[in-house]
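# Per-entry structural report
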Amino acid sequence: MTVSTTGRRERKKAATRQKIADAALGLFLERGYDAVGIRDVAAEADVAVTTLFSHFASKEALVFERDQDFGQRLTQAATGRAPHEPLIPALRREIHALVRHCTGEGAAPIRRMIDASPALREYEESMHLRHAESLATAIAAGLGLPQSTTACRAIARFVIDAYSLAREAADPQAAVDEVFRMIEAAWEVTRPSASGRQEPDGPRPRA
């Protein structure tokens, strides 16, 4: 199989996934989340139900279609930063970007829908815990540790909490800075020693 053929297949797959997600969100916002079924979404997107489930494991996942991207951006911020860039400012910068996205124009109706649905709130909570574990593993790996320590897991959860708290604040970006000042202070006194990459001190971010 040629590279071009593989590329076309992946683009087609991504386009189908996006079409399904867009159809689902449109129906959810128009009719209400609980009033829309999987078959409704499949019909709106003009795909088979089996095709829908090949892209999304559950109805809840349709609302959080950027779930995987969210987690990857955080782990990349931890592992892909410059050699001498401190960990916490790198994570702070990524949370700033994620909060800007989730508080942008058009995001409010989706947030209200999630807040009004126990099933979506439960899914979101489990999603955030999953991302926190992945981030903790990435942080530990960057320090040369064999597995995520309690300190790494705690900091990872604080980072995810910073995202959740900031999006509810009157000034989301200021809230990110406020929470990250506490995260940085906690990391300074709790970070584990590394056998590999050393965490540089670096300048503290401005408020």
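Refer to the preceding data block for the structure.
What you see is a predicted model, and the numbers here were worked out from it, not measured in a lab.

### Quick word on the overall build of the protein
Looking only at helices and strands, the protein features ten helices and zero strands. N-terminal to C-terminal, the α/β element order of the protein is α-α-α-α-α-α-α-α-α-α. Of all 207 residues assigned to the protein, the portion counted as buried reaches 42%. Within the protein, residue pairs in contact and separated by at least 24 positions form 69% of the contacts whose partners lie at least 6 positions apart.

### With respect to unusual backbone geometry
Positive phi values are uncommon outside glycine, yet D46 reaches one of about 60°. Its place among the elements puts D46 in the loop between α2 (38–45) and α3 (49–55). The class of D46 is exposed, set by a relative accessible area of 66%.

### Considering the nonpolar core
Judged by nonpolar contacts, the single largest core of 32 residues is most densely connected at L91, I95, I139, V159 and F180. Those elements that provide at least two residues to this core are α5 (67–79), α6 (87–102), α8 (118–142), α9 (150–167) and α10 (172–190). The dominant element in this core, judged by the number of residues it contributes, is α9, at eight residues. In this structure, I95 is in contact with L74, V159, Y163, V176 and F180, ignoring residues within four places of it in sequence. Among the nonpolar cores identified, the runner-up in size contains 24 residues, and V47, L52, F56 and A61 belong to it.

### Notes on the packing of aromatic side chains
Applying the stated criterion across every chain, the model contains three aromatic pairs. Considering the side-chain rings of F64 and Y123, the 5.4 Å spacing of their centres and the 20° angle between planes classify their relative orientation as stacked. Here the residue F64 occupies a position in the loop between α4 (59–63) and α5, and Y123 occupies one in helix α8, the gap between them amounting to 59 residues. F64 gets classed as buried once you look at its relative accessible area, which sits at 9%. Looking at K59, its charged tip hangs above the ring of Y33, at a distance of 4.2 Å from the centre.

### Structural notes on α2
Residues of α2 that are buried: I38, V41, A42 and A45. Seen from one end, α2 has its buried residues packed into an arc of 100°, which puts them on one side. Exposed side of α2, more than 90 degrees from the buried face: R39, A43 and E44 are the residues found there.

### Re the pattern of salt bridges
By the definition in use, this model includes ten salt bridges. With a closest N to O distance of 2.6 Å, E94 and R73 form a salt bridge. Of this pair, E94 sits in helix α6 while R73 sits in helix α5; the two residues are 21 residues apart in sequence, bridging distant segments of the chain. The closest approach of N and O atoms between R153 and E133, which form a salt bridge, is 2.9 Å. Taken together, the residues span a long stretch of sequence, with R153 in helix α9 and E133 in helix α8 at a distance of 20 residues. R153 gets classed as partly exposed once you look at its relative accessible area, which sits at 35%. What emerges from the salt-bridge pattern is a single network uniting R111, D115, E124 and R167.

The rules behind the values
Residues numbered from 1 in each chain as written. Predicted model: local features only at pLDDT ≥ 70, side-chain atom pairs only at ≥ 80, totals over all residues. Heavy atoms only, no water. Helix = DSSP H or I, 4+ residues; strand = E, 2+ residues; numbered from the N terminus. Buried < 20%, exposed > 50% of the residue type's maximum accessible area, 1.4 Å probe, protein only. Contact = heavy atoms within 4.5 Å. Core = buried A, V, L, I, M, F, W, Y, C linked by side-chain atoms within 4.5 Å. Phe/Tyr/Trp six-rings, centres within 6.5 Å; stacked < 30°, edge-to-face > 60°. Lys NZ or Arg CZ within 6 Å of the ring centre and 35° of its normal. Arc of directions from axis to C-beta. Salt bridge = Lys/Arg side-chain N within 4 Å of Asp/Glu carboxyl O.

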